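# Architecture and fold: a report
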Amino acid sequence: MKLAIHEKQVMNMKWPVILLCLVMCGASIAQSKHLHFTEQLAFSAEDDAVKKPVAIPQDVLAILVKDKMVSRELENENLPAEKIPLSWFSASAIHLSNSNKTDFVVMARGPLAGGNVVTFWVFRGTPHGHELVLTAPMHDLIVKNTRWNGYRDVEFASMSAAKISTVLCRFDGKQYKEYKSKLENIQ
């Protein structure tokens, strides 16, 4: 009889341990999935491409083809818009708002990239496709966690031999506009 009680006590003690192991394993899996889906927030002209590349949607490509710099390069290369080389761009998916729509940061590459500056295009997802909300040739683009009108702020940085320029942009409901800028001496 004592042996039967002892076995029951041991079984009762195992359940909390098993439950704790399940909770810990579940938290570990959830954390690893969260890390897997972390978005790239910083982009730089120092990089050849984005760090988390994705395919560029056709509606985004259609907008990029209309960009003055892109259309000029297509003309220089004697290429029709339908034959635009995908190697000229690198795109990363991001969420600028709390919407379930996917937004994109597209970075110029190849003949569209400059020496120490690259053009960035930012697109937001809408129920009707993607809209271009920001174009800027800069050294760095940083997507901030601060928000304005429901959208994350975007900061650009560029450098010269003596100065660093930063521009903070906020979403005005239709596109990103300069909110404030700062010019600092390099120490």
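A short tour of the structure in this document, coming up. (Residues numbered from 1 in each chain as written. Predicted model: local features only at pLDDT ≥ 70, side-chain atom pairs only at ≥ 80, totals over all residues. Heavy atoms only, no water.)

Despite not being glycine, Asn-78 has its phi angle at roughly 55 degrees, a positive value. Inspection of the secondary structure puts Asn-78 in the loop between helix H3 (68-76) and strand S3 (89-94). Relative accessible area serves as the criterion here: at 68%, Asn-78 is assigned to the exposed category. Phi at Asn-149 takes a positive value of approximately 55 degrees, unusual for a residue other than glycine. For Asn-149, a relative accessible area of 47% translates into the label partly exposed. (Helix = DSSP H or I, 4+ residues; strand = E, 2+ residues; numbered from the N terminus. Buried < 20%, exposed > 50% of the residue type's maximum accessible area, 1.4 Å probe, protein only.)

For the structure on display, the rule yields three aromatic pairs. Members of the aromatic cluster, joined through ring pairs, are Tyr-151, Phe-171 and Tyr-176. A cation over an aromatic ring shows up here: Arg-170 above the ring of Tyr-179, its NZ or CZ 3.8 Å from the ring centre. (Phe/Tyr/Trp six-rings, centres within 6.5 Å; stacked < 30°, edge-to-face > 60°. Lys NZ or Arg CZ within 6 Å of the ring centre and 35° of its normal.)

By the element assignment, Asp-140 lies in strand S7 (residues 140-148). Look at Asp-140: it is buried, it has no salt bridge, and the nearest opposite charge is Lys-51 at 8.7 Å. Here the side chain of Asp-140 touches Ser-44 through a polar contact of 2.9 Å, side chain to side chain. (Lys, Arg positive; Asp, Glu negative; His and termini not counted. Salt bridge = Lys/Arg side-chain N within 4 Å of Asp/Glu carboxyl O. Polar contact = N/O pair within 3.5 Å; in protein donor to acceptor, adjacent residues only side chain to side chain.)

Working definition: the strands of a sheet are paired by backbone hydrogen bonds and lie parallel or antiparallel to each other. On the basis of which strands lie adjacent, the open sheet formed by five strands has the order S2-S3-S4-S5-S6 and antiparallel pairing. Two strands close off the open sheet at either side, each with one partner strand: strand S2 (53-54) and strand S6 (129-138). The pairing of S3 with strand S4 (residues 103-108) spans six bridges and is antiparallel. Across the sheet, the residue bridging to Ser-90 is Met-107, located in S4. The strands that helix H2 (residues 58-65) touches are S3, S4, strand S5 (118-126) and S6; relative to S6, the one it contacts most, it runs at about 45 degrees. (Pairing = 2+ DSSP bridges. Contact = heavy atoms within 4.5 Å. Axes fitted to C-alpha atoms, helices over the stretch in contact; angles between N-to-C directions.)

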